[in-house]
Amino acid sequence: MRRGVGVSRTLHAQASNAQFKNKGNEFAEDQMKLMNEQLVVFKQNLEEFAQKYKKKIRKSPEFRQQFNEMCTKVGVDPLASNKGFWAELLGVGDFYYELAVQIVEVCMCTRATNGGIIELGELRGHLLRKRGPKAQAINNDDIDRSIRKLHILGSGFSLITMKQYSALPW
């Protein structure tokens, strides 16, 4: 058998590489197209789910926490903006920002008595009294998410966890 040498071998190798490259590009385009189609279907299904369980998401802190965890696992942040799609659909963006404002108010009112560090359970108790019995139920996860929203204002608000004790120093 004769092996190609010289210029013809190089030209043949270049042509072969170009064909492989073209096939690779076609394959990548097909994969991208398929992925975009799947993303559209996923978004529609997630929107339908959110619409179907909208009331439950708003009313139940546990269900809201599970919904947020599910969204986080797939890379969707329903709290990313209070003017975004999820805020319009569920109203959760406003919920967490309103809760954050109430957290700041409680912290300011209790600073003289606690020196700027308030235990999470105590904060929740103040918030429940402030919000009244007819307000949406809240849990510690809701408070934690709201505190993380306050973090964009600077490092003044953060949650410190020590074993089973959580506190908000500010």
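Above this text sits the structure in question.
Analysis parameters
Residues numbered from 1 in each chain as written. Predicted model: local features only at pLDDT ≥ 70, side-chain atom pairs only at ≥ 80, totals over all residues. Heavy atoms only, no water. Core = buried A, V, L, I, M, F, W, Y, C linked by side-chain atoms within 4.5 Å. Buried < 20%, exposed > 50% of the residue type's maximum accessible area, 1.4 Å probe, protein only. Helix = DSSP H or I, 4+ residues; strand = E, 2+ residues; numbered from the N terminus. Contact = heavy atoms within 4.5 Å. Phe/Tyr/Trp six-rings, centres within 6.5 Å; stacked < 30°, edge-to-face > 60°. Polar contact = N/O pair within 3.5 Å; in protein donor to acceptor, adjacent residues only side chain to side chain.

Chemist: Which residues make up the nonpolar core, and what are the values?
Modeler: The biggest cluster of nonpolar side chains holds 16 residues, and the ones touching the most others in it are Leu99, Ile103, Leu123, Leu127, Ile138 and Ile143. Residue contributions to this core peak at seven residues, all from helix H5 (residues 92-114). When residues no more than four places from it in sequence are discounted, the contact partners of Leu127 are Leu99, Gln102, Ile103, Val106, Ile138 and Ile143. Within the second largest apolar cluster, six residues are counted, among which are Ala50, Ile57, Phe63 and Phe67.

Chemist: So what about the packing of aromatic side chains? Which residues, and what values?
Modeler: Following the criterion strictly, the structure yields four aromatic pairs and no others. Between Tyr53 and Phe63 the ring centres are 5.7 Å apart and the planes differ by 50 degrees, which places this aromatic pair in the tilted class. Separated by 10 residues along the polypeptide, Tyr53 in the loop between helix H1 (7-52) and helix H2 (54-59) and Phe63 in helix H3 (residues 61-73) bring together distant segments of the chain. Judged by its relative accessible area of 27%, Tyr53 is partly exposed. Looking at Phe63, the relative accessible area reads 14%, which means it is buried. Connected via pairs of aromatic rings, a cluster forms that spans Phe49, Tyr53, Phe63 and Phe67.

Chemist: I'd like to hear about the side chain of Asp141, residue by residue, with values.
Modeler: Along the chain, the position of Asp141 falls in helix H7 (residues 140-150). Of note is the side chain of Asp141, whose polar atom sits 2.9 Å from the side chain of Arg145.

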